[in-house]
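Analysis of the macromolecular model
Given next are the chains, with one letter for each unit.
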Amino acid sequence: MSLASGLDALGGRLQSLSPGERATQDMLSEEIILADNTRLEIFRSPEMTDAQWLQTKEYLQSNLSEAKKLIELSTNPDKIRKQKLMRAIADVWQHQIDESNQVFATRMKELEQEPDFEALFQAVKDYQVNQVRELLEEPQLMANISHKMGGVPQEAKRNLEKIRKTPITLQEACKFGDLRALQRYLSETD
């Protein structure tokens, strides 16, 4: 089982590669043993310092439930796809922030002032990772945020459609009738 991960030094949160992404050739692999004797292969990004790598391994070994969540995220195609969809939208939003998009900034500021979203913004500010995760799983809250932000960003729609149609597993390649993906998966098992 593979899982690429790193530790965010600021918040002490676990930050992983987008699930479903493949480790690159310049990433080093190491197998760790979790508290319940589960063996987990993790990949070290070349950008990680030795201290970050050690912190990541120790975090996973001492936080069994968090490690199990990451295993689930890296092996469940529905969760992988959901993570990729969220990343695609977040990338567009990050680009808008980086470009100092005033419309986007105004919408975010207005969103922060809304009482319905107070708990989410406070959890983010306080680095309450588990609470943020729980709130992000509330469909109605996310729908309300999407509506207030103007819906799905136009810039993300093509990428989102591609993610929805791309098979993540061998079984999905068969189900979708994607021969190219099927051949790729089969060649990886040789």
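Bear in mind the structure is a predicted one, so any value in this text is a computation, not a measurement.

This paragraph deals with the environment of aspartate 78. As for its placement among the helices and strands, aspartate 78 is situated in helix 3 (residues 77–98). Owing to a relative accessible area of 57%, aspartate 78 belongs among the exposed residues under this scheme. Taking the C-alpha atoms as reference points, aspartate 78 and isoleucine 168, 90 residues apart in sequence, are found 8.9 Å from one another.

Turning our eyes to something else, we now look at the nonpolar core. The biggest cluster of nonpolar side chains holds 11 residues, and these are Phe104, Leu111, Phe117, Leu120, Phe121, Ala123, Val132, Leu135, Leu141, Ile145 and Met149. Those elements giving two or more residues to this core turn out to be helix 4 (102–113), helix 5 (118–125), helix 6 (129–136) and helix 7 (139–148). If one sorts the elements of this core by residue count, helix 5 sits on top with three residues. Ignoring any residue separated from it by four or fewer positions in sequence, one finds leucine 120 in contact with Val132, Leu135, Met142 and Ile145.

Now for the packing of helix 2 (residues 64–75) against helix 3. Packing of helix 2 against helix 3 brings their axes to within 5 Å, and their N-to-C directions diverge by 90 degrees. Judged by the angle between their axes, helix 2 and helix 3 are roughly perpendicular. Residues Glu72, Leu73, Ser74 and Thr75 of helix 2 form the contact with helix 3, whose own contacting residues are Pro77, Lys79 and Ile80. Its residues assigned to classes, the contact of helix 2 with helix 3 comprises three nonpolar, two polar and two charged.

Every buried residue of helix 5 is listed here: Leu120, Phe121 and Ala123. Looking straight down helix 5, one finds that the buried residues subtend no more than 160 degrees of arc, so they occupy a single side. The inward-facing, buried residues of helix 5 abut helix 4, helix 6 and helix 7. Immediately beyond the C-terminal end of helix 5, within one or two residues, lies tyrosine 127, with a positive phi of roughly 55 degrees.

Here we come to the pairing of strand 4 (residues 39–44). Across six bridges, strand 3 (residues 28–33) lies against strand 4 in antiparallel orientation. Among the inter-strand pairings, serine 29 is bridged to a residue of strand 4, identified as phenylalanine 43. What sits between strand 3 and strand 4 in their antiparallel hairpin is a turn of five residues, with asparagine 37 showing a positive phi close to 70 degrees.

A word on the packing of helix 1 (residues 50–62) against helix 2. The contact between helix 1 and helix 2 brings their axes to 5 Å, and the two run at 100 degrees. The angle between the axes of helix 1 and helix 2 places the two elements in the roughly perpendicular class. Residues Tyr59, Leu60 and Ser62 of helix 1 form the contact with helix 2, whose own contacting residues are Leu64, Glu66, Ala67 and Leu70. Residues belonging to the contact of helix 1 with helix 2 are distributed by class as follows: five nonpolar, one polar and one charged.

Time to look at the environment of arginine 81. One can find arginine 81 in helix 3. Sequence separation between arginine 81 and proline 167 is 86 residues; the distance between their C-alpha atoms is 9.2 Å. Discounting residues that sit within four places of it in the chain, arginine 81 has contacts with Ile163, Arg164, Thr166, Pro167, Ile168, Glu172 and Phe176.

The class for arginine 81 is buried, based on a relative accessible area of 11%. Within the local environment of arginine 81, its side chain forms a polar contact with the backbone oxygen of threonine 166, the two atoms lying 2.9 Å apart.

Reading the values: the criteria
Residues numbered from 1 in each chain as written. Predicted model: local features only at pLDDT ≥ 70, side-chain atom pairs only at ≥ 80, totals over all residues. Heavy atoms only, no water. Helix = DSSP H or I, 4+ residues; strand = E, 2+ residues; numbered from the N terminus. Buried < 20%, exposed > 50% of the residue type's maximum accessible area, 1.4 Å probe, protein only. Core = buried A, V, L, I, M, F, W, Y, C linked by side-chain atoms within 4.5 Å. Contact = heavy atoms within 4.5 Å. Axes fitted to C-alpha atoms, helices over the stretch in contact; angles between N-to-C directions. Parallel < 35°, antiparallel > 145°, perpendicular 65-115°, else oblique. Nonpolar A, V, L, I, M, F, W, Y, C, P; charged D, E, K, R; others polar. Arc of directions from axis to C-beta. Pairing = 2+ DSSP bridges. Polar contact = N/O pair within 3.5 Å; in protein donor to acceptor, adjacent residues only side chain to side chain.

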